[in-house]
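# Results of the structural survey
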Protein chains: 2
Amino acid sequence: MSTRREAVRQALSESTGFRSAQDLYADLRSEGSKIGLTTVYRALQALSDAGEVDVLRTSDGEAVYRACLTDTHHHHLVCRECGKAVEIEGPAVEKWAESIGVQHGFSDVTHTVEVFGTCASCAASAQSER
Amino acid sequence: MSTRREAVRQALSESTGFRSAQDLYADLRSEGSKIGLTTVYRALQALSDAGEVDVLRTSDGEAVYRACLTDTHHHHLVCRECGKAVEIEGPAVEKWAESIGVQHGFSDVTHTVEVFGTCASCAASAQSER
DNA sequence: GACGTTTTGACAACCATTTTCGTTTTCGGC
DNA sequence: GCCGAAAACGAAAATGGTTGTCAAAACGTC
């Protein structure tokens, strides 16, 4: 495991939310690192392939990454303001998705489930801005 | 409603699956239309804003669109080979997502749920290629 | 038919991501 | 410690989907 990749992994784990490659690059550079953007992308790709980080796409198509605590299958509750994310599980949803697939004759059924909302602190600060 | 937008809507409704803007543009051009790519994007944007088509992002960030039969909230079971999609509902999932959000103090809770699989006909043709 | 408005499409601009390629670093063996 | 191969790096260029710009064309109205 290279040093650079470790740096990316750590930068990612310092956040509880989803971060984009560009974000992480900016963070690392501002800390004084001489890392290149290419390397950030490569590291994220590798971490993603290894299943060590979760990836999802924002509504404008940008890829965002998160270092999750568990390596078992799970989903996220994501704050649409600050990006903060909570890992959630839903055994019932897993079974439902599987059975829906089977009902329609689909095989190798997988699914993506993400829940979005405004977290308590973002809701509070939005309130105070009025 | 302009003629061009109508053409895009129709091209989209001729497919049961999700199509990208580039796909639709190619379809229309091959039918002899002189439509421009810009206009296809504008039409899709407008249809999407109006809630007349559903949008989602492929894993590589491309936006894909589908003309759905119902205008009520629903999800999709999508074939990862041919893109064919079936509209599905899951009241239990809706409630689950809402309650998960509330449990963690999130407000304005929404969610995205997509189920992927290989449809029967794609599975069959994959089989015959062996 | 003239005129203001809306729609259109060619083209350029954007921007996240990937590729290229020459350089640097790492590492096992000596 | 020294060498050479292999892996990692980073700057710059390329890619590709999507959006912005702007002048021309289509439309409706009087």
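For clarity, every value in this text was computed on a predicted model and none was experimentally measured.

## Focus: the overall build of chain A
Each helix and strand in chain A was counted, giving five helices and six strands. Order of helices (α) and strands (β) in chain A, N terminus to C terminus: α-β-α-α-β-β-β-β-α-β-α. Projected onto the principal axes, the alpha-carbon positions of chain A cover approximately 55 × 45 × 25 Å. A sequence separation of at least 24 residues applies to 48% of the contacts in chain A between residues at least 6 apart. In the structure as shown, chain A presents an accessible area of about 7,100 Å², 49% of it carried by carbon and sulfur atoms.

## What to know about the protein's contact with DNA strand C
Residues in close proximity to DNA strand C total 15 residues, the closest being Y41 and A63 of chain A together with R4, T39 and R42 of chain B. Sugar and phosphate atoms constitute 63% of the interface atoms of DNA strand C, taking the interface as everything within 4 Å of the protein. One nitrogen or oxygen atom from the main chain of G36 of chain B is found 3.2 Å from a phosphate oxygen belonging to DNA strand C. Between DNA strand C and the protein, one listed contact pairs a base nitrogen with a side-chain N or O atom of T38 of chain B at 3.1 Å. Broken down by secondary-structure element, the contributors of at least two residues to the surface near DNA strand C are α2 (21-30) and α3 (37-49) of chain A together with α3 (37-49) of chain B. Of the residues that constitute the surface near DNA strand C, the class distribution is five nonpolar, six polar and four charged.

## Thoughts on the interface of chain A and chain B
On the chain B side, the residues contacting the 36 residues of chain A number 36 residues. With both chains or domains summed, chain A and chain B bury close to 2,800 Å², and 65% of this area falls on carbon and sulfur atoms. Of all residues in chain A, R57, W96 and F106 of chain A give up the largest surface area on contact with chain B, accounting jointly for 23% of the area buried on that side. Seen at the junction of chain A and chain B, the total is zero salt bridges. Our enumeration of links across chain A and chain B arrives at 14 residue pairs in polar contact (both at pLDDT 80 or more). Of all elements in the fold, only β4 (75-79), β5 (85-88), α4 (91-103), β6 (107-118) and α5 (120-128) of chain A reach the threshold of two or more residues within the side of chain A that touches chain B. The biggest single contributor to the side of chain A that touches chain B is β6 of chain A, with twelve residues. By residue class, the composition of the side of chain A that touches chain B is 17 nonpolar, 13 polar and six charged. With nine bridges joining them, β6 of chain A and strand β6 (residues 107-118) of chain B adopt antiparallel strand pairing. By the bridge assignment, S107 of chain A is partnered in β6 of chain B with T118 of chain B.

What counts, and where the lines are drawn
Residues numbered from 1 in each chain as written. Chains lettered and ligands numbered in written order. Predicted model: local features only at pLDDT ≥ 70, side-chain atom pairs only at ≥ 80, totals over all residues. Heavy atoms only, no water. Helix = DSSP H or I, 4+ residues; strand = E, 2+ residues; numbered from the N terminus. Contact = heavy atoms within 4.5 Å. Areas by Shrake-Rupley, 256 points an atom, 1.4 Å probe, with all protein chains shown as cover. Near = heavy atom within 4 Å. Polar contact = N/O pair within 3.5 Å; in protein donor to acceptor, adjacent residues only side chain to side chain. Nonpolar A, V, L, I, M, F, W, Y, C, P; charged D, E, K, R; others polar. Buried area = accessible area lost by both parts, 1.4 Å probe. Salt bridge = Lys/Arg side-chain N within 4 Å of Asp/Glu carboxyl O. Pairing = 2+ DSSP bridges.

So yeah, pure geometry; function would need other evidence.
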